[in-house]
Amino acid sequence: MVETPYRHPSSSSSSSSSMADTELANIRNICILAHVDHGKTTLADHLIAAAADGLVHPKQAGRLRFMDYLDEEQRRAITMKSSSVTLCFHDTYHINLIDSPGHMDFCSEVSTAARLSDGALVLVDAVEGVHIQTHAVLRQAWTERLSPCLVLNKIDRLITELKLTPIEAYSKLVRIVNEVNRIMSAYKAEKYLSDVDSLLAGAAGEILENLELVEDDEEITFQPQKGNVAFVCALDGWGFRINEFADFYASKLRASSAALQKALWGLKYYNQKTKMIVGKKGMGGGSKARPMFVQFVLEPLWQVYQAAMEPDGAKTLLHKVIKSFNLNVPARELQHKDPKVVLQAVLSRWLPLSDAILSMVVNCIPDPMKAQSFRISRLLPKREVSEDGPTSNVLAEAELVRKSVEACDSSPEAPCVAFVSKMFAVPIKMLPQRGPNGEILNNSTDEDGSGESDECFLAFARVFSGVLFTRQRVFVLSALYDPSKGESTTKHIQEAELHSLYLMMGQGLKPVASAKAGNIVAIRGLGQHILKSATLSSTKDCWPFSSLMFQVSPTLRVAIEPSDPMDMGALMKGLRLLNHADPFVEVSVSARGEHVLAAAGEVHLERCIKDLKERFARVSLEVSPPLVSYKETIQGEVTDVLENLNLSGGSLDYIERKTPNGRCCVRVQVLKLPPALTKVLDESSDLLGDIIGGKLGQSKKSNETQRSSRLEDDNPIEALRKRIMDAVEGDILGGTEESDKDQAEKCKAMWLQFLKRIWALGPRQIGPNILFTPDSRGVDTEFPVLIRGSSHVSERLGFGNESSNGRMDAEPSPLVTPALCREAESLESSLLSGFQLATAAGPLCEEPMWGLAFVIEARISPLEGQQSNELETSYQPLEQYGIFTGQVMNAVKDACRTAVIKKKPRLVEAMYFCELNTPTEYLGPMYAVLARRRARVLKEEMREGSPLFTVHAYLPVSESFGFAAELRRWTSGSSSALLVLSHWEALPEDPFFVPKTEEEIEEFGDGSSVLHNTARKLIDAVRRQKGLPVEEKVVQHATKQRTLARKV
């Protein structure tokens, strides 16, 4: 690891004291967001070298990677955590810069950085263009209501690597700006596509890109003429915005700087004869006309590169540039033999990168006062609470606090409100030894409750209102705290004392005595009170900030145990510390008693294991193979569902089960839901939990699929209802031929009728499986009373209620007594519990079911010998088979699982969207790796002006472990891959396939020698892992073993 310089706190007392004195209008909070390897940390290096009081020497900028101070970050050359540094620009502006990771495995760190920022620098590689993670960070910026600026990095590669002409480079830059604007426009138009869908949709339309630009359109986010787009080369330390060239050419062309700034982007041309700025038509028939951006910006830049890089380049041009701009370039650097050094010396002084970026930040990103008034609806959304009774004063006070946050009130009298986006661990030896005034600090106090650990937990926080002081007592509010409920939510509020405040300078920490609103600080003293994130407030009458939105959920799970059982205590302590230090990791205990660690991906998991071994637990560990989640469904198409919906026509396509005592008969029919409807139900699980009121609290899924429509829609129920209707209609009518339109319309009408009969969702009452109420028109003399259920979920979702499901229309019969009807009503909960148990553990390998609809018709009969006047006997079924409610629950569960088995069950596996970049000569090995791992290639294309192929594919999650390492091995490190969780997909193979026809027997054998297919192998692996019975041959070949050597 490259050692980062540590500055003694005493040398920075002036900057520490000025932190509280800086005016709010001069503070900027920004984060750097980009795809992996697009140059975020290199850009941060140059900004730190220029504006961070000598933390990084300019000669080391771009190579030191100051913000990547962890050993693992330096080794892998990627950023793994968000870290902050404070910059000073023109001795006036204080800019809090947060560098964030670009790897999808660490997207949670992007969320924590975005919450604390007011603006974002979105970097895009000028050669590689927009990638999948670019979509993700743009969505994050839009969701958190940040003001983004676009930075097109690695402009030099267009000259040195791709050898593009200025006009070709201009076309490429225009396409990238247009594509980024198209993504932002889709978000503004509330087209809630997933990042994968958005990327695929963009790829289909990018060939038809038009270079015509709409000028001065307020709807377009990124416009170079507005100054919020910069063109840079972070490695060499130069960059510019259009206004810098506009100011330079204003006097030469005798035009105003503002007019030139508008004309230097887009199809505007300079007529040399008339000395006028004209459009394309004003140039007449001249085919050699170049846009002004090409003529006045790119061509001079290209000439400087040619003069420096080519052996026969005109060195006089460099001297002309130095003289024209009065640059101070040492002669030693100009005479250097390496042309790259000469070029860097000239360009970094002619077009300094830090000035271009920091001036754009100051001019285009709002100060905390303006930003918080714009972001308040995201940070502290208004709650709908009745303001009568004793809580009216509390709510009035909470509204005052909200207005204080909205105004970013930094007065000492204002209520103090801060948000902690994450906790991070720092070795105690790294803490400053002296305080803000030079006093010696005692860092050995164990206020974090970490026992003998060498780690100290600091809170990464931003002050949104008031002033934070050291030794101040504040209230720590969790996301579930509700000030209007008073004493009933005391478990969600704690009181804590702030031990120390630090200004973060990368790895270094500078103690400060106080921090005003608008500043980002690290806080010590909250280790015992905050696990991941929380709101800090000086008053109890404050709503907590809205929860962070993560783009993905932890999908990679492994079981961990110590190599020596004696170290179990150290492992449990280490897991607690890891869970505390990582904002995204999840630690749990499985039903078998294993300690399960859930991470976002392989790189994230490797880092977690390394931290456990070396920092937190410090013991040797045994790590299991990855535990992959699957789902279970049945085979079927949406168009075939019409035959399966004849539920009232005496269809025999059902499974029947009776309780052991013979009093209840359960008939179950299972259908397959339209795929689009299944997807909507899965994506909207949190919203469904709020609507239905059945959220159990353990659902932590707040990833990118939970759209921000919940923030924008006035009526989320109506929006969800419309999405469900559109999903059903789109799936049924989308792929039908004209001749099948009538059948499709009937199918659609039946599904819409069924949506009025939703009794429950499962599993966990919010899953993608539906329980429909039974049809009450049938008559059964043996089991006269039907357990009807109620379609209350349909009512909550606004679909209405089917009138035929009334409770008082029981069949007239002498056996139907009021007591029997009451018993049928009391058994509804048992039927629901059986449905929930069945959908939570399917018949294949006890994985949750996916996209299924069940119609459960359960009827009961009276006890034998029961008379009509014996009203209470049915409530006391003391019999040898156990409690009657348990019998019903078990019968429903068994019937549902058997119905799935009878309907051609299929295994559903999670799929990654995989984006690969590969040189042409390694396409063959790359395809071989994809084929071995059951990947499905979607498309391949040659990246324009590049020797790389871009390949998009779907890769099963179960096959992704070790994929990146194998790909690098087979392509000699030339290929790179990025994996993003995309969707769930059913395996087409029948896990119970047995050859029956002559053709199948001829192809596969007689059945005894048929090898298990992929689906069966996956099922058996999961069953072994769970300790379930597996059907397998212990003896494969019943012949005597033959050995190579005969021993007598």
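Residues numbered from 1 in each chain as written. Predicted model: local features only at pLDDT ≥ 70, side-chain atom pairs only at ≥ 80, totals over all residues. Heavy atoms only, no water.

1. Points about the packing of helix α5 (residues 132-143) against helix α7 (residues 166-188)
Step number 1: Contact pair α5 / α7: the axes reach a minimum separation of 10 Å and the direction vectors enclose 45°. Between α5 and α7, the angle falls in the class oblique. α7 is crossed by α5, and the crossing has right-handed handedness. Every residue of α7 that contacts α5 at His 135, Leu 138, Arg 139 and Trp 142 is listed here: Val 180, Ile 183, Met 184, Tyr 187 and Lys 188.
Step number 2: For the contact of α5 with α7, a count of residues per class yields 6 nonpolar, 1 polar and 2 charged. (Axes fitted to C-alpha atoms, helices over the stretch in contact; angles between N-to-C directions. Helix = DSSP H or I, 4+ residues; strand = E, 2+ residues; numbered from the N terminus. Parallel < 35°, antiparallel > 145°, perpendicular 65-115°, else oblique. Left-handed = near helix turned anticlockwise from the far one by under 90°. Contact = heavy atoms within 4.5 Å. Nonpolar A, V, L, I, M, F, W, Y, C, P; charged D, E, K, R; others polar.)

2. A closer look at the pairing of strand β11 (residues 455-465)
Step number 1: Extensive coverage of β11 is indicated by the burial of 11 of its 11 residues.
Step number 2: By the bridge criterion, 10 bridges tie strand β10 (residues 417-427) to β11 in an arrangement that is antiparallel. Paired with Phe 419 across the strands is Arg 462, a residue of β11. (Buried < 20%, exposed > 50% of the residue type's maximum accessible area, 1.4 Å probe, protein only. Pairing = 2+ DSSP bridges.)

3. Side note on the state of the cysteines
Step number 1: Counted by the stated rule, this structure contains 0 disulfides.
Step number 2: Cysteine Cys 364 remains unbridged, with the sulfur of Cys 149 as its closest cysteine sulfur at 4.7 Å. (Disulfide = S-S within 2.5 Å.)

4. Some points on the confidence of the model for the chain
Step number 1: In this model, the chain carries a mean pLDDT of 78, and residues with pLDDT of at least 70 account for 81%.
Step number 2: Low confidence marks residues 447-451, where pLDDT is under 50. Its contacts with residues over four positions away, or in another chain, come to 17 contacts.
Step number 3: Note on residues 645-651: pLDDT is under 50 here. Beyond four places in sequence and across chains, it has 11 contacts. (pLDDT = per-residue confidence, 0-100.)

5. A closer look at the nonpolar core
Nonpolar side chains tend toward joint burial in soluble globular proteins.
Step number 1: Membership of the largest hydrophobic core comes to 115 residues, with the highest contact counts inside it found for Phe 231 and Phe 293.
Step number 2: It is helix α11 (residues 292-309) that contributes the most residues to this core, 12 residues altogether.
Step number 3: Ignoring any residue separated from it by four or fewer positions in sequence, one finds Phe 231 in contact with Leu 152, Ile 155, Leu 173, Pro 224, Trp 238, Gly 239, Phe 240, Ile 242, Trp 265 and Phe 293.
Step number 4: In this structure, Leu 501, Val 512, Leu 526 and Leu 556 belong to the second largest nonpolar core, which totals 47 residues. (Core = buried A, V, L, I, M, F, W, Y, C linked by side-chain atoms within 4.5 Å.)

6. Quick word on the sheet that holds strand β21 (residues 586-589)
Step number 1: The strand order across the open sheet formed by 4 strands is β21-β22-β20-β23, and the pairing between neighbours is antiparallel. Each end of this open sheet is capped by a strand with a single partner; those strands are β21 and β23 (621-623). Here the strands of the sheet are splayed against their neighbours by 30° on average, with no regard to which way each runs.
Step number 2: Here 3 bridges tie strand β20 (residues 556-562) to β23, and the two strands are oriented antiparallel to one another. Bridge pairing in β23 links Ile 560 to Val 623.
Step number 3: Lying over the sheet, helix α19 (residues 602-616) contacts β20, β22 (595-599) and β23, oriented at roughly 135° with respect to β22.

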